[in-house]
Amino acid sequence: MTEALLTVNGLSVAFNQDDNVVDDISFEVFPGETFALVGESGSGKSITALSVLRLLPGNAKLTASEIDFAGENLLAIPEMDFCQIRGRRIAMIFQDPMTSLNPVMTVGDQIGEVLELHFSWAKQAIKQRTLELLEQVEIPDPERRYRDFPHQLSGGQRQRVMIAIALAGEPHLLIADEPTTALDVTIQEQIMELLERIQKQTGMALWLISHDLALVSNIADRVAVMQNGKIVEMGCNEAFFVHPKHAYTQELLAALPSMDSCLNHLKKEKPSLLKLTDFKVYYPIRKGIFKRVVDHVKAVDGVSFELQQGKTLALVGESGCGKTSLGKGLLNLIPGTSGEVLFEGVSLNQLQGDELRLKRSEMQIVFQDPFSSMNPRMLVGEIIDEGLRALHSDISAAERREQVVHLLQQVDLPVSSAYRYPHEFSGGQRQRICIARALAVKPKLIVCDEPTSALDVSVQAQIIELLKNLQQEQGLSYLFITHNIAVVAEIADEVAVMNQGKIIEYGHVEQVLKNPVNEYTRSLLNAVPVLKIT
Amino acid sequence: MTILWTDALIFFLVLMMLVLGFYLRGKEHLRRPIGKVTASRVGMMSLVILVFFGMIGLLDSIHFKPANDKSNEIISLLDYWTTSIRQQQEKTYSSPFAAYSYSKENITTDDGRQLWTYPRLKYGGAHLKNPDIKKTHDIMQKAAIGFTKGAGLFAFFFILLLSFFKERKQTILKGTAAKPVWMIIFIIVSGSYMLIDLSGFYHVLGTDKVGEDVFYQAVKSIRTGLVIGSLTTLIMLPLAIIFGIMAGFFRGWVDDVIQYIYTTLNSIPGVLLIAASILMVQVYMANNEDQFTSLVVRADMRLLFLCLILGVTSWTGLCRLLRAETLKLREMEYVQAAQALGVRRRIILMRHILPNVMHIILISVVLDFSSLVLAEAVLSYINIGVDPTTYSWGNMINSARLEMAREPIVWWSLMASFLFMFTLVLAANIFADTVRDAFDPRRADND
């Protein structure tokens, strides 16, 4: 076995006196390999990476018996000389390419900055190397992009620039902290392929930090799983995915949504609940001092579908395809919609005032971000209670309290939650509260706008299970908006694939997932990382 | 008893606070934040100081015409109780605790000689035969006696309180903030008693140009400061909150109109508006002399209008802040969720938007409070502030301008107003901080 490139031994990080965020972990990264550190949010995987690079916040306390990089003791290097390690020999890419780049510097300057710092080259040479790097990360037309500002690039291109910056120092180890989490699946696939190619070219080691087991299974040589600051299992790719030993790993693998689960859906016809005909959401573009409308952004451009009672329609598409606008437009949360909406055979276009308000409340929404979807200054009980108070002012306070208790039980939360604030709950629990809030007004349709995207896999599985149970008990219909096709298979009866404001494929879930007709649907399906078990 | 306009408004404000307190008393979800405020040592200490200042202000707001007084002047309860200090007027400047005047004078001695020297003061240290030797000792002695008397008074009431609330003894003595609070009350009671005692014999903070006691002036200025701070805020707040939130929430033409109003208002220099309105009031008072017979009534009218116009000119800043914050909040998902639930828009404003901009309101109100007191000083400088006869820290600072240029320098007017203002503003700031932190649920567990 070759000498390890990075050896970490007995690393612990604590922010307060008593709780270790990272708790006595040890691992190695070998030259040229891909090492993946997998774990759910809060397991301490990012902190581990930051502590190797000494980028921890000031209040963190680090203890380690050994952090060695290429035979050098990183703990002993003074801060002055650490710049020769950071960026030059160990580089890092971060999760969010939107905030990691300086918006007022051109792309070329930002890459050149790193070169200037680490190599004493002439200006011409720096520019030459920058262009090479841009070419290496496969950005088309590097000469022109060199002068572009970050906002002129797409999300995927920005992440490519981040990779170019990381590569500029010609590092031996590249730490990639969730490099594709903020990106669409098709772009995620491209970025991962790029990282693999570059790794082959340069022979550097890649330390990948991710929550996505399927993604990791496709690329990693060795995998380690973290839970609550500890590494619970570590092993080679094959051994790891074929025979997971630790209970937590098995649980994680079991929680992964799989494409095959769409088999057991019924195909029974039910009466129609919602029917959209030529539904449009246009955002006006205003220009000039008088704010004249010069054009429209066609977020949703003539969409028609039908949803039956007690069924789930999944709306799939990449970011910017208009799926969220469709959901919000349906609930009249954004102005500027047109087209006919038939809800239980009643045309919503013809209703006015209070009638419309009441009818609309039969459609509810659950949002993606469980942190911003609840008023931080209200108690959970009040949050759930809100809809009841607004719509049924005749119900007494005692009855409402009873209802709240009942709803909390329905979403498997303790009754005492009613007197606590939202920030005291975890992401999954908050999403449960949001579901309870939506259920309070006895809706017939719930629009789920990426309800599980911000959650860990195991929690995601629980929420989906809850949604399915509620559907069976109460005959709810869901309009399930997501970018994650794997989840679709778990919950949906029908699927509509959206691209650029239009539905390009629409049909029964099995048919769409197994035999997609449209080219775009096929590329979307291919890009989904599937657990590779060799 | 005579009720001036500002008196009425102050008592209205106090009444409102009492009603609010009574209304909030039984609210379950407020128990924790209120508990946090009462558990905060610094917060409770500053609250005690604020209440003390408030009580002086209230005493100074109960006006009446003294029965045995021949002059037609209205005085307040505070004036009545400090009559001795009020009437111990010297000829001109004297430094704190002085027995001699601050400037030399030509005096004729008993044997008919003319002497160019510092004359003895009429009241300050007048009881001493030979102030050069005895004064320090006498001050110490009087201070000690006064302090002890105050301490005795405190002890008497403290024991009375304990025997009255026997069953609540634990909360009175053992609460988290109990010790510092009783400490500060003890210091205030004994200290004030000492100062009142000393003021009978000396001018504790000296005298001003016309020989008036500066300590008395500073204490009288408390009411002016509080009135300007609170009444202006009372006028400013509803304007800023209603307009700011409406502009941010409704957008469209509502936003356009409100923005138009405050941009226009902002483009007119505030001083111009203030000067115009003060002049208007003066003209009005000159034309209706029969209604404004007393000096106090006139000064009060001017103070009220100053508050009014300061309020009307100063809401724009907060309004803009609130509009920006509301623009952000209205896109929050919990607001959209409420819309989906069919909650009416005015309830969304009350329940979701207002509580989430409260921290901004609280911070800027406290900051404005201090800048308003300062603004009053600046306005006095160009003669459009409070009436020159009204005691205010602004007027004191204004007169200090000339005193600082004197040789030898007269520093105590500025010092006195600075000390009082500093204490009030600091206490208000700290208390507002405590309240803001306590009412933010996200901070609840962190400290």
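Note that this is a predicted model, so its numbers are computed, not measured. Counting of residues starts from 1 at the beginning of each chain's written sequence and follows it residue by residue. Following the order in which they are written, the chains are lettered starting with A and the ligands numbered starting with 1. Only residues with pLDDT of at least 70 get local features here, since the model is predicted, and only at 80 or more are side-chain atom pairs given and counted; chain-wide, interface and lining totals rely on the full set of residues. Only hydrogens and water are removed before side-chain values are computed, so all heavy atoms of the structure are retained for them.

**As for the nonpolar core**
Residues and elements named next belong to chain A. Buried Ala, Val, Leu, Ile, Met, Phe, Trp, Tyr and Cys residues form a nonpolar core when they are joined through side-chain atoms within 4.5 Å. Note on exposure labels: buried denotes an accessible area under 20% of the residue type's maximum, exposed denotes more than 50%, and partly exposed covers the range between, all computed with a 1.4 Å probe on protein chains only. Within the largest apolar cluster, 51 residues are counted, with the highest numbers of intra-cluster contacts made by I111 and I163. For the purposes of this entry, the term helix denotes a DSSP run of H or I that reaches at least four residues, the term strand denotes a run of E that reaches at least two, and both are numbered from the N terminus. Here this core gets eight residues from one element, more than from any other, and that element is helix α7 (residues 155-168). Whether two residues are in contact is decided by their heavy atoms: any pair within 4.5 Å suffices. In contact with I111, other than residues within four places in its own chain, are T130, L133, L134, V161, A164, I165 and A168. Grouped together as the second largest cluster of nonpolar side chains are 34 residues, V366, L388, L408 and L455 included.

**Quick look at the sheet that holds strand β8 (residues 173-177) of chain A**
All names here are of chain A. Only strands joined by at least two bridges in the DSSP assignment are considered to pair. Pairing in this open sheet of six strands is mixed, and the strands run β7-β8-β9-β3-β10-β11 from one edge to the other. If you trace the sheet from one side to the other, it starts and ends with β7 (90-93) and β11 (230-236), each paired once. Going across the sheet, the axis of each strand differs from the next one's by a mean of 15°, ignoring polarity. Relative to strand β9 (residues 205-210), β8 runs parallel, the two sharing five bridges. Within β9, the residue paired with I175 across the bridge is W207. Relative to the sheet, helix α8 (residues 185-202) contacts β3 (34-39), β7, β8 and β9, its axis offset from that of β9 by approximately 160°. Simply put, an axis is a line fit to the C-alpha atoms, just over the touching stretch for a helix, and the angle between two N-to-C directions goes from 0 to 180 degrees.

**Considerations on the domain arrangement of chain B**
All names here are of chain B. Source of the domain bounds: an automatic or database domain assignment. Along its sequence, chain B is organised into domain 1 (5-66 + 213-446) and domain 2 (91-199). The C-alpha centroid of domain 2 is placed 33 Å from the C-alpha centroid of domain 1. Each partner contributes residues to the interface: domain 1 has 17 residues there, and domain 2 has 15 residues. Between domain 1 and domain 2 lies a buried interface of about 1400 Å² when both sides are counted; carbon and sulfur atoms form 77% of it. Any Lys or Arg side-chain nitrogen found within 4 Å of a carboxyl oxygen on Asp or Glu counts as a salt bridge. Between domain 1 and domain 2 we count zero salt bridges in total. Two N or O atoms form a polar contact when they lie within 3.5 Å of each other; inside protein one atom must be a possible hydrogen donor and the other a possible acceptor, and for residues adjacent in sequence the pair counts only when both atoms belong to side chains. There are three residue pairs in polar contact (both at pLDDT 80 or more) connecting domain 1 and domain 2. Among the elements of the structure, α2 (31-39) and α3 (41-59) are those that each provide at least two residues to the side of domain 1 that touches domain 2. Counting residues per element, the side of domain 1 that touches domain 2 draws most heavily on α3, which supplies six residues. Gly is put with the polar residues, along with every residue not named as nonpolar or charged; the nonpolar set is Ala, Val, Leu, Ile, Met, Phe, Trp, Tyr, Cys and Pro, and the charged set is Asp, Glu, Lys and Arg. Taken together, the residues that form the side of domain 1 that touches domain 2 break down as twelve nonpolar, two polar and three charged. In short, buried area is how much 1.4 Å probe accessible area vanishes from two parts on joining, totalled over both.

**Looking at the sheet that holds strand β13 (residues 292-308) of chain A**
Backbone-to-backbone hydrogen bonds join strands into a sheet, with any given pair of strands oriented parallel or antiparallel. Residues and elements named next belong to chain A. Read across the sheet, four strands follow the order β13-β12-β15-β16 without closing on themselves; strand pairing throughout is antiparallel. Taken across any chain shown, the strands that pair with only one partner, and hence form the sheet edges, are β13 and β16 (346-347). Where strand β12 (residues 272-287) and β13 come together, 13 bridges link them in antiparallel fashion. Bridge pairing links Y282 to K298 in β13. Packed onto the sheet, helix α12 (residues 323-330) meets β12, β13 and β15 (337-343) and runs at close to 110° relative to β12.

**Side note on the pattern of salt bridges**
Evaluated as defined, the whole model comprises 37 salt bridges over all chains. Residue E79(A) is joined to R86(A) by a salt bridge in which the shortest nitrogen-to-oxygen separation is 2.9 Å. For E79(A), a relative accessible area of 43% translates into the label partly exposed. The salt bridge partner of R223(B) is D7(B), with a shortest N-O separation of 2.6 Å. Taken as a pair, R223(B) in helix α9 (residues 214-250) and D7(B) in helix α1 (residues 5-25) lie far apart in primary sequence, 216 residues in all. You can call R223(B) buried: its relative accessible area is 10%. When salt bridges with common partners are traced through the structure, they connect E344(A), K359(A), E362(A) and K444(A) into a single cluster.

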